Amino acid sequence: MSIQYDVADLSLAPQGELKIEWAGQQMPVLATIKNRFKKEKPLKGITIAACLHVTSETANLMLALKEGGASVVLCASNPLSTQDMVAASLVKDFGIPTFAVHGENNKTYYQHLNQALDFNPQITMDDGGDLISLLHTKRKNLIKNIIGSSEETTTGVIRLKAMEKDKALKVPVLAVNESNTKHMFDNRYGTGQSTIDGIIRATNILLAGKTFVVGGYGWCGRGIASRARGMGAHVVVTEVDPVRALEALMDGFMVMKMDEAVKIGNIFVSATGDKHVITTTHLKKMKEGAVVANSGHFDVEIDMAGLEKLATKKRTLRPSLTEYTLSGKKVYVLGEGRLVNLAAAEGHPAEVMDMSFANQALAAEYFVDHKGKLDNKVYVLPKELDNNVASLKLKAMGVSYDRLTPEQKKYLSSWTEGT
Ligand code: ADE
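Definitions and limits used
Residues numbered from 1 in each chain as written. Predicted model: local features only at pLDDT ≥ 70, side-chain atom pairs only at ≥ 80, totals over all residues. Heavy atoms only, no water. Helix = DSSP H or I, 4+ residues; strand = E, 2+ residues; numbered from the N terminus. Rg over C-alpha atoms; globule rule 2.2 N^0.38 Å. Contact = heavy atoms within 4.5 Å. Areas by Shrake-Rupley, 256 points an atom, 1.4 Å probe, with all protein chains shown as cover. Lys, Arg positive; Asp, Glu negative; His and termini not counted. Charge placed at Lys NZ, Arg CZ, Asp CG, Glu CD. Core = buried A, V, L, I, M, F, W, Y, C linked by side-chain atoms within 4.5 Å. Buried < 20%, exposed > 50% of the residue type's maximum accessible area, 1.4 Å probe, protein only. Expected span 1.5 Å × (residues − 1). Arc of directions from axis to C-beta. Phe/Tyr/Trp six-rings, centres within 6.5 Å; stacked < 30°, edge-to-face > 60°. Lys NZ or Arg CZ within 6 Å of the ring centre and 35° of its normal. Pairing = 2+ DSSP bridges. Axes fitted to C-alpha atoms, helices over the stretch in contact; angles between N-to-C directions. Near = heavy atom within 4 Å. Polar contact = N/O pair within 3.5 Å; in protein donor to acceptor, adjacent residues only side chain to side chain.

Enquirer: Give me the lowdown on the overall build of the protein chain, citing residues and values where you can.
Expert: Across its full length, the protein chain holds 17 helices and 16 strands. The C-alpha radius of gyration of the protein chain comes to 22 Å, within 12% of the 22 Å expected for a compact globule of 419 residues. Its C-alpha atoms give the protein chain principal-axis dimensions of about 75 × 65 × 45 Å. A separation of at least 24 residues holds for 71% of the contacts in the protein chain among residues at least 6 apart in sequence. Accessible surface for the protein chain amounts to roughly 18,800 Å². Of this, 53% is attributable to carbon and sulfur atoms. In the protein chain, 50 positive and 46 negative side-chain charges are present, and the distance between their average locations comes to 2 Å.

Encoded structure:
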């Protein structure tokens, strides 16, 4: 094979191909865009380097971009989220240079990012901002070729806005996460379901009757809390934002400080995007047998380094389930404190990734259409594109919805009509 790649095992490709096919069947919006791309070739001549979770859903995005005329190269956005069979199939069946091995160490992870950037992309796609960060630090020479970079997740957008504020951002960015058809569905229903899935696959514990603590009540936290409640758990929310804390309370959850929650919780999940939401002080106060997981993008939300120092014993009981002994008491960490929905399960279902990746595909097209016209700022995709993704999804689901009548439109734009 003449293409460059680094994947675990090419012989896994047949399983990967079927997995990609199945996911593709649940992604009708992306399929519609792919069909249009096939005819219009809006990405002809463009090289796209994507640093995303290497899953069957991502594979379908890569195929849509390729159909649009782009040359694509893919590397993993997390060492534990790669589905090796999918990576193998992308290389073997679809000829897409892929650099991703499940369980790769930090050095290999960054080597893979660099290998993707070696393709000299005009567009980069990130999930967490690692590629764009490398571009602005060790690979600055490549910035001149970039027409735009898109970002998939909340954590990455936070990083990019900080760069924009510091005037450090040297390329135009589209924050795909900010589209309604991304965060309202992927972050809420996707993270909600896949986090519970990850906890169950790692432990097979019963959630009914347990006290389930969710750190953070953003879109992800809202989804996790609601799904945990659906499984019969008593859900506690911790927050630093008073409005969100109030929202959680009025949504019917208990709200308290993490310091209090650790005394009663059986299961803990962080979903904040910030570091040390669960500290060693918290871990020491937890009840015997507490299960601790993270659903935020980076493995910083649980103080894993502190826990490693504190523990007197460490054992792996099942894949993704590590027991730590702390002065006689045991706590259990899932997926090494990395995002549990991808480390211990398969990430969000294809149905939500359908909309997220439709937005990514449209973002790539937007960069080409607006080449040279965008400033080095963080942009959001236009509302019409967002609404279009929603209406395509509804159409695919066989659901129709009302439209404003001319009279209603007029009423909404006038200010003279009153009582
Ligand atoms: N992020 C969360 N779930 C995902 C999935 N299934 N594929 C790619 N990225 C994801």
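Enquirer: So what about the nonpolar core? Which residues, and what values?
Expert: By size, the foremost hydrophobic cluster in this structure holds 52 residues, and its most contacted members are Ile48, Val54, Leu61, Met62, Leu65 and Leu90. Elements with a minimum of two residues in this core: helix H1 (13–25), helix H2 (28–40), strand S2 (47–52), helix H3 (56–67), strand S3 (71–76), helix H4 (84–92), strand S5 (123–126) and helix H15 (350–369). Considering each element in turn, this core owes the most residues, eleven residues, to H15. Beyond its immediate stretch of four places on either side in the chain, Ile48 contacts Leu43, Leu65, Ala70, Ser71, Val72, Val73, Pro121, Ile123, Met125 and Ala364.

Enquirer: Would you mind going over H2 in detail, with residue names and values included?
Expert: Along its 13 residues, H2 runs 18 Å from first to last C-alpha, staying within 8% of the 18 Å computed at 1.5 Å per residue. Every buried residue of H2 is listed here: Val29, Leu30, Ile33 and Phe37. End-on view of H2: buried residues confined to an arc of 95°, all on one side of the axis. Where H2 is buried, its residues meet H3, H15 and helix H16 (383–396). Two residues or fewer past H2, Lys41 is found with a positive phi of approximately 45°.

Enquirer: I'd like a description of the packing of aromatic side chains, backed by residues and values.
Expert: Scanning the model with the defined rule gives four aromatic pairs in all. When the ring of Tyr217 is compared with that of Phe253, the centres are 5.9 Å apart and the planes differ by 65°; the resulting orientation is edge-to-face. You can see Tyr217 sitting in the loop between strand S8 (211–215) and helix H9 (219–230) and its partner Phe253 sitting in the loop between helix H10 (242–250) and strand S10 (254–255), a full 36 residues away along the chain. Each member of the pair Tyr217 and Phe253 is classed as buried. The side chain of Arg222 reaches across the aromatic face of Trp219, ending 4.5 Å from its centre.

Enquirer: Explain the sheet that holds strand S9 (residues 234–238) residue by residue, including any values.
Expert: In space, the eight strands of this open sheet follow the order S10-S9-S8-S11-S12-S15-S14-S13, with mixed pairing throughout. Bordering the open sheet on either side are S10 and strand S13 (313–318), each of which pairs with just one other strand. Examined bridge by bridge, S9 and S10 share two bridges and lie parallel to one another. Paired with Val236 across the bridge in S10 is Met254. Those strands touched by helix H8 (residues 180–203) are S8, strand S11 (267–270), strand S12 (290–294), S13, strand S14 (321–326) and strand S15 (329–334), and its axis lies near 100° from that of S13.

Enquirer: I'd like a description of the site of the ligand, backed by residues and values.
Expert: Every residue close to the ligand is listed here: His53, Thr55, Glu57, Thr58, Leu342, Glu346, Gly347, His348, Met353 and Phe357. Take His348: an N or O atom from its main chain is 2.8 Å from a nitrogen atom of the ligand. Notes on the ligand: free accessible area 270 Å², of which the protein chains cover 95%. Of all elements in the fold, only H3 and H15 reach the threshold of two or more residues within the shell around the ligand.

Enquirer: An account of the side chain of Thr322 is requested, with residue identities and associated values reported.
Expert: Inspection of the secondary structure assignment puts Thr322 in strand S14. Those residues within four positions of Thr322 in sequence are excluded, and the remaining contacts are Lys314, Arg315, Thr316, Val331, Tyr332 and Val333.

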